[in-house]
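Each chain, written out:
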Amino acid sequence: MAKILGIETSCDETAAAVYDSEEECLLSSHLFSQIELQKRFGGVVPEIASRSQLERIGPIVMSALHEAGISFNDIDYVAVTTKPGLIGSLLIGICYAKAIAWASNKKLIAVNHLEGHMFSAFLEDDGTMRTAIPFPHLCLSVSGGHTALYIVHDFGKFELIGETIDDAAGEAFDKIAYRLGFSYPGGPIIEQLAGENEFRDVCHYPRGKKEKESFNFSFSGLKTAVLYDLVKKEVFDFKTGVNKEKMTRDIQKDVASSLLICITEIFEDRIRRAFKKYPQLQALTFVGGVAANKFIGARLRALCERRSKKFFVPHRRFCPDNAAMIAFVGSYKAKKGEFASFDLDAFQE
Ligand code: KG4
Ligand code: ZN
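In this report, the structure presented in the accompanying data block is examined. Model, not experiment: these values are computed from the prediction. (Residues numbered from 1 in each chain as written. Chains lettered and ligands numbered in written order. Predicted model: local features only at pLDDT ≥ 70, side-chain atom pairs only at ≥ 80, totals over all residues. Heavy atoms only, no water.)

## Observations regarding the site of ligand 1
Thinking step 1. Near ligand 1 lie 19 residues; those nearest to it are G144, D174, G187, E191 and N293.
Thinking step 2. The separation between an oxygen atom of ligand 1 and a polar main-chain atom of G145 is 3.3 Å.
Thinking step 3. Within the contact set of ligand 1, a nitrogen atom lies 2.9 Å away from a side-chain nitrogen or oxygen of E191.
Thinking step 4. When the free accessible area of ligand 1 is taken as 550 Å², the share hidden by the protein chains comes to 91%.
Thinking step 5. A majority-of-atoms criterion places ligand 1 in the largest pocket.
Thinking step 6. Listed by contribution, the elements that provide at least two residues to the shell around ligand 1 are α5 (169-179) and α6 (187-196).
Thinking step 7. Considering only residue class, the shell around ligand 1 consists of 6 nonpolar, 9 polar and 4 charged. (Near = heavy atom within 4 Å. Polar contact = N/O pair within 3.5 Å; in protein donor to acceptor, adjacent residues only side chain to side chain. Areas by Shrake-Rupley, 256 points an atom, 1.4 Å probe, with all protein chains shown as cover. 1 Å grid on protein atoms, 1.4 Å probe; cavity = no way out; pocket = protein on both sides within 12 Å on 5 of 7 lines; lining within 4 Å. Sits in = over half its atoms within 2 Å of the grid points. Helix = DSSP H or I, 4+ residues; strand = E, 2+ residues; numbered from the N terminus. Nonpolar A, V, L, I, M, F, W, Y, C, P; charged D, E, K, R; others polar.)

Here it is in structure tokens:
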């Protein structure tokens, strides 16, 4: 029986989980989110993130072991997140993982953070393994730090076909929400405001250059267009920030729903073209923090249904950064014998 302890500290979440690869079931998943610490800054401050990781890592790992009903000795492998991420935060998890693996004579497994997200949809809501996702499939991975499109051939076998050339889509939600007067993270409030506006596209923000071949994304032009629209509406000033007197709920709603529709349509365009170019793809998985967005999820599901493709989104708790996905990827890496050495650093995988 193999039990994998997963550790995830790539950004502002400190997470640990235990996955049993024989039973193909998650035994525990614990997480501390720094949202309360970071919210007043409109984004994640790296130094605050790594200091908090250092404080939380020990108790979070202990909680995960306790909930799984096991001790360090019962663990077979320690899987830990490597790049991409904030270097200080990543190093906390990696040093901790190395220390406990070395001290208890366990093998170490390095898991690329994005590979973790890519396979997060393979966990059912109850932590058992979801077997219905066929290969090859398309994976749209979107968070505050990345936006990428992959063809996934098998466990651990995938190819990147498109990614953002500038900002991540989640970052666009966060930065625009901040300029509308809300705190981090912006995605949930943008979704709520858009719902209050019945998801209407009022402002018609630019969708970017009509790409024919490339599957890349770009959101910095969109972010700038929204910013200039806020300046034009006199609710934002580059020197003084949000104009609280002029900002109204109606303006917030119009901007939020227009932004959400715009980003959704950019995703739809890439997915439509990917399914056309690669007809062998049988399904779409939509993963990462932004996959918690029900509106985008419903639109992508509808697109897949029209094309007779399956659609999968992880359970809400496996959309943001979490250690369950790291332990899960660790489980198939262990089966393949893909172990890391003790000189592992944050930029290896
Ligand atoms: O995966 P994640 O927890 O951390 C990163 O690796 O970035 O993703 C966080 C991102 C943030 O940008 C946040 O605004 C976005 O996910 N997010 C959402 C929603 N919930 C979180 N974006 C859109 N709609 C949501 N409901
Ligand atoms: Zn992430």
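What follows picks up the thread again.
## Quick word on the pattern of salt bridges
Thinking step 1. Per the counting criterion, the structure on display carries 16 salt bridges.
Thinking step 2. One salt bridge connects E265 with R207, and the closest N-O pair in it is separated by 3.0 Å. One end of the pair, E265, is in helix α8 (residues 249-277); the other, R207, is in the loop between α6 and α7 (220-232), and 58 residues separate them in sequence.
Thinking step 3. Here E265 and R299 are joined by a salt bridge, their closest N and O atoms 3.7 Å apart. Residue E265 is found in helix α8, and its partner R299 is found in helix α9 (residues 294-306); the two are separated by 34 residues along the sequence.
Thinking step 4. What makes E265 partly exposed here is its relative accessible area of 30%.
Thinking step 5. Accessibility expressed as a relative area gives 26% for R299, which makes it partly exposed.
Thinking step 6. Through salt bridges with shared partners, a single network forms among D201, R207, E265, E268 and R299. (Salt bridge = Lys/Arg side-chain N within 4 Å of Asp/Glu carboxyl O. Buried < 20%, exposed > 50% of the residue type's maximum accessible area, 1.4 Å probe, protein only.)

## A closer look at the packing of α7 against α8
Thinking step 1. Running from amino to carboxyl end, α7 crosses α8 at an angle of 160°, the nearest separation of the two axes being 12 Å. Considering the angle they form, α7 stands roughly antiparallel to α8. At the point where α7 passes α8, the crossing takes the right-handed sense. Here α7 contributes L222, V226, D229 and L230 to the contact with α8, which in turn contributes V255, L259, C262 and I263.
Thinking step 2. Taken together, the residues of the contact of α7 with α8 break down into 7 nonpolar, no polar and 1 charged. (Axes fitted to C-alpha atoms, helices over the stretch in contact; angles between N-to-C directions. Parallel < 35°, antiparallel > 145°, perpendicular 65-115°, else oblique. Left-handed = near helix turned anticlockwise from the far one by under 90°. Contact = heavy atoms within 4.5 Å.)

## Section: the sheet that holds strand β11 (residues 283-287)
Thinking step 1. Here 5 strands make up an open sheet; going across it, the order is β8-β7-β6-β11-β12 and the pairing mixed. Of all the strands in the sheet, the pair left with one neighbour each is β8 (157-163) and β12 (310-312). Within the sheet, the average angular offset between the axes of one strand and its neighbour, ignoring direction, is 20°.
Thinking step 2. As judged from the 6 bridges shared by strand β6 (residues 137-142) and strand β7 (residues 147-154), these two strands associate in the antiparallel manner. Within the sheet, the bridge partner assigned to S141 lies in β7 and is A148.
Thinking step 3. α8 rests against β6, β7, β8 and β11 of the sheet, and its axis sits at about 160° to β6. (Pairing = 2+ DSSP bridges.)

## Here we look at the sheet that holds strand β3 (residues 25-33)
Thinking step 1. Across the sheet, 5 strands lie side by side as β3-β2-β1-β4-β5; this open sheet has mixed pairing. Bordering the open sheet on either side are β3 and β5 (107-112), each of which pairs with just one other strand. When strand polarity is set aside, the average angle formed by the axes of neighbouring strands in this sheet is 20°.
Thinking step 2. The pairing of strand β2 (residues 13-20) with β3 spans 8 bridges and is classified as antiparallel. Along β3, the bridge assignment pairs E13 with S33.
Thinking step 3. Set on the sheet, helix α3 (residues 87-103) makes contact with β1 (3-8), β4 (77-82) and β5; between it and β4 the angle comes to about 165°.

## Brief notes about the coordination of the zinc ion (ligand 2)
Thinking step 1. Note on the zinc ion (ligand 2): its protein donors are H113 (NE2), H117 (NE2) and D321 (OD). The metal-donor distances range over 2.1 Å.
Thinking step 2. The coordination sphere of the zinc ion (ligand 2) comprises 4 donor atoms, whose angles at the metal cover 89 to 142°; the geometry is irregular.
Thinking step 3. Read in sequence order, the donor residues for the zinc ion (ligand 2) give the motif H-x3-H-x203-D. One end of the pair, H113, is in helix α4 (residues 113-118); the other, D321, is in the loop between β12 and α10 (324-336), with 208 residues separating them in the sequence. For the pair shown, H113 and D321 are each scored as buried. (Donors = N, O, S within 2.8 Å, 3.2 Å for Na, K, Ca; no water. Tetrahedral: all angles 85-135°; square planar, octahedral: opposite > 155°, others 65-115°.)

## Some points on a positive patch on the surface
Thinking step 1. Together, K210, R272, R306 and R307 make up a region of like positive charge exposed at the surface.
Thinking step 2. Mapped onto the elements, R307 comes out in the loop between α9 and β12.
Thinking step 3. Overall, R307 belongs to the partly exposed group, its relative accessible area being 31%. (Patch = residues over 30% accessible without salt bridge, like charges linked within 9 Å, V, L, I, M, F, W, Y side chains within 5 Å. Lys, Arg positive; Asp, Glu negative; His and termini not counted. Charge placed at Lys NZ, Arg CZ, Asp CG, Glu CD.)

## Notes on the layout of surface pockets
Thinking step 1. Roughly 960 Å³ of internal volume is contained in the largest pocket.
Thinking step 2. Along the walls of the largest pocket sit 35 residues, with S143, G144, G145, D174 and Y184 positioned nearest its centre.
Thinking step 3. Elements with a contribution of two residues or more to the lining of the largest pocket: α4, α5 and α6.
Thinking step 4. No other element matches the 5 residues that α5 contributes to the lining of the largest pocket.
Thinking step 5. Of the residues assigned to the lining of the largest pocket, the class counts are 13 nonpolar, 14 polar and 8 charged. (Points joined across faces, edges and corners; volume = space filled by probe spheres on them.)

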